[in-house]
Amino acid sequence: MAKIFIDAGHGGTDPGAVGNGLQEKVLTLTIAKKIESLLKNYENVSVKMSRTSDTTLSLSQRTDAANAWGSDFFLSVHINAGGGTGYEDYRYNTLTATSATGKVQSTIHSAVMAELKAFNVIDRGAKSANFHVLRETNSPALLSENLFIDTKVDANLLKRNDVLDAIARGHVEGLAKALGLKKKVIEVGKAQSGSYTVAQGDTLWSIAQTQGVTVDQLKTWNAGINPNALQIGSKLNIGVTIQIYNIQKGDIFWDIEEKFNIKHGTLEKLNPSVNVNTLQVGQTIPIR
Ligand SMILES: [Zn+2]
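Residues numbered from 1 in each chain as written. Predicted model: local features only at pLDDT ≥ 70, side-chain atom pairs only at ≥ 80, totals over all residues. Heavy atoms only, no water.

Let us now look at helix 6 (residues 161-179). With 19 residues, helix 6 should reach 27 Å at 1.5 Å per residue; the first-to-last C-alpha distance of 27 Å fits that figure. Looking at helix 6, one finds that the buried residues are Val 163, Leu 164, Ala 166, Ile 167, Ala 168, Gly 170, His 171, Val 172, Gly 174, Leu 175 and Ala 176. Note on helix 6: the residue one or two positions beyond its end, Gly 180, has a positive phi of about 65°. (Helix = DSSP H or I, 4+ residues; strand = E, 2+ residues; numbered from the N terminus. Expected span 1.5 Å × (residues − 1). Buried < 20%, exposed > 50% of the residue type's maximum accessible area, 1.4 Å probe, protein only.)

Now for the nonpolar core. Counting residues in each nonpolar core, the largest one holds 42 residues, and the members touching the most others are Ile 35, Leu 39, Leu 116, Leu 158 and Leu 181. Ranked by residue count, the leading element in this core is helix 6, at eight residues. Among all residues touching Ile 35, those that are not within four sequence positions of it are Ile 6, Leu 75, Val 77, Ala 168, His 171 and Val 172. (Core = buried A, V, L, I, M, F, W, Y, C linked by side-chain atoms within 4.5 Å. Contact = heavy atoms within 4.5 Å.)

Before going further, it helps to spend a moment on the environment of Ile 262. You can see Ile 262 is positioned in the loop between helix 9 (253-259) and helix 10 (266-270). Residue classification places Ile 262 among the buried positions, given a relative accessible area of 11%. Taking C-alpha positions, Ile 262 is 41 Å from His 78, a pair spaced 184 residues apart along the chain.

Attention now goes to the domain arrangement of the chain. Along its sequence, the chain is carved into domain 1 (2-179) and domain 2 (185-286). Measuring from the centre of the C-alpha atoms in domain 1 to the corresponding centre in domain 2 gives 39 Å. Both sides together, the interface formed by domain 1 and domain 2 hides about 300 Å², and carbon and sulfur atoms give 37% of it. When residues of domain 1 are sorted by the area they lose upon contact with domain 2, Asn 41, Glu 43 and Arg 169 head the list and together hold 70% of the total. In this structure, the connection of domain 1 to domain 2 is made through zero salt bridges. Linking domain 1 with domain 2 are zero residue pairs in polar contact (both at pLDDT 80 or more). When grouped by side-chain class, the residues that make up the side of domain 1 that touches domain 2 number no nonpolar, one polar and four charged. (Domains from an automatic or database assignment. Buried area = accessible area lost by both parts, 1.4 Å probe. Salt bridge = Lys/Arg side-chain N within 4 Å of Asp/Glu carboxyl O. Polar contact = N/O pair within 3.5 Å; in protein donor to acceptor, adjacent residues only side chain to side chain. Nonpolar A, V, L, I, M, F, W, Y, C, P; charged D, E, K, R; others polar.)

Written out as structure tokens, the structure is:
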């Protein structure tokens, strides 16, 4: 179980940096919550937040909470200020870039920049500093500074939900890679195996819903079926669904097959009407 502590910087009576109508404490909480929610797509991850609302916390309260919990990684999310532009992150300054923490930093840094490249965000580098949250945490720790609140071009990006999503995704993809987190497979158990007799008003979609299977599976199990001309009283074969996979960003069938040791080509056969070029994040497909 990887225990990841997410610290939304500032909060309560401490707004953090402000500028262009934005408050750092609001943005850090929004991003932290997005990170928390994205981490739910991974197996064996436990997340603890320093705060989940607009509350005041000292730096010691944050690191004490993480240490008492026994975090495996501490991530503090901040927004920069001071007139620059771009993204940067920090490890504790006694640690080198090739230390264990330095390597995690490098992985997260690359993942965040990969997400932010689309928005022309400048890479200010992977840095080190003697910050309280980096020094006083027992576990490896990283503090990220996500764009400048007092720079117009950055602030305009911070006002966009797709940019905040990208920031969160980058952190999570980096964390997953660095900590070896595996994406979740949703076990749906066995759907009923046997047959179904078509009743008046049935559609393939409604049958799929009531049987806990997908339309594609019904098509696979009932070769030649015409979805637009279901015969009332005819019998449909219903197979067995063992595992359903939740499509993640960047997934392609080949990689999913590799990940689950499935013979290449299987997913295409199981999902004949799924367009492999337009897999949607969150879309569920049977994999076995
Ligand atoms: Zn801050």
